[in-house]
Amino acid sequence: FPELARAYYENGPQFVRQKLAAYIERASAGGKLKANDAATAASQFLGLIIGADHMTTLMGVELAEDAPSRRKRIRAAVDAFLRLYAPQ
């Protein structure tokens, strides 16, 4: 069902990435971030947040992580993003 996949993508992942890119663009214009390409920065942030373990959980290969592990992973993702895009 390619039309269903496209509708899901456009109203889910693509929508979120576009909203995040707009936020990053505003934050960069306001001096809170230094992202020259907000769309790329948004994709990178989402990749960091979702992580490689996301697919193993979706496929049922591994159990979903517990809350402390998730917080630790997300904190590390935010820290990495800010090291790249925080203003000097």
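Residues numbered from 1 in each chain as written. Predicted model: local features only at pLDDT ≥ 70, side-chain atom pairs only at ≥ 80, totals over all residues. Heavy atoms only, no water.

(A) Main features of the environment of L46. By secondary structure assignment, the location of L46 is in helix α3 (residues 38-50). When sequence neighbours within four positions are dropped, the list of residues in contact with L46 reads V16, R17 and L20. (Helix = DSSP H or I, 4+ residues; strand = E, 2+ residues; numbered from the N terminus. Contact = heavy atoms within 4.5 Å.)

(B) Focus on the packing of helix α1 (residues 2-11) against helix α2 (residues 13-29). Closest axis-to-axis distance for the α1/α2 pair is 3 Å, and the angle between their directions is 20°. Taken together, α1 and α2 sit at an angle that is classed as roughly parallel. Of α2, the residues touching α1 (which contributes Y8, Y9, E10 and N11) are P13, Q14, F15 and R17. Tallied by class, residues from the contact of α1 with α2 come to four nonpolar, two polar and two charged. (Axes fitted to C-alpha atoms, helices over the stretch in contact; angles between N-to-C directions. Parallel < 35°, antiparallel > 145°, perpendicular 65-115°, else oblique. Nonpolar A, V, L, I, M, F, W, Y, C, P; charged D, E, K, R; others polar.)

(C) View of the pattern of salt bridges. Considering all chains together, one arrives at three salt bridges under this definition. R6 is the salt-bridge partner of E10, the closest N and O atoms lying 3.8 Å from each other. Here the residue E10 and the residue R6 both occupy positions in helix α1, the gap between them amounting to four residues, near one helical turn. With its nearest N and O atoms 2.4 Å apart, the salt bridge here joins E65 to R73. By relative accessible area, which is 30% here, E65 ends up partly exposed. R73 sits in the partly exposed class, given a relative accessible area of 23%. (Salt bridge = Lys/Arg side-chain N within 4 Å of Asp/Glu carboxyl O. Buried < 20%, exposed > 50% of the residue type's maximum accessible area, 1.4 Å probe, protein only.)

(D) Region of interest: α3. Relative to the 18 Å expected for 13 residues at 1.5 Å per residue, α3 spans 18 Å between its end C-alpha atoms, a close match to the ideal helical length. Three or more residues of α3 are buried, namely A38, A41, A42 and F45. Projected onto a plane normal to the axis of α3, the buried residues spread over an arc of 100° and lie on a single side. Check the buried side of α3 and you find it contacts α2 and α5 (67-85). For α3, the N-terminal cap is D37; the gap from its side-chain oxygen to the backbone nitrogen of A39 is 3.3 Å. Immediately downstream of α3, the backbone of G51 shows phi near 75°, a positive value. (Expected span 1.5 Å × (residues − 1). Arc of directions from axis to C-beta. Polar contact = N/O pair within 3.5 Å; in protein donor to acceptor, adjacent residues only side chain to side chain.)

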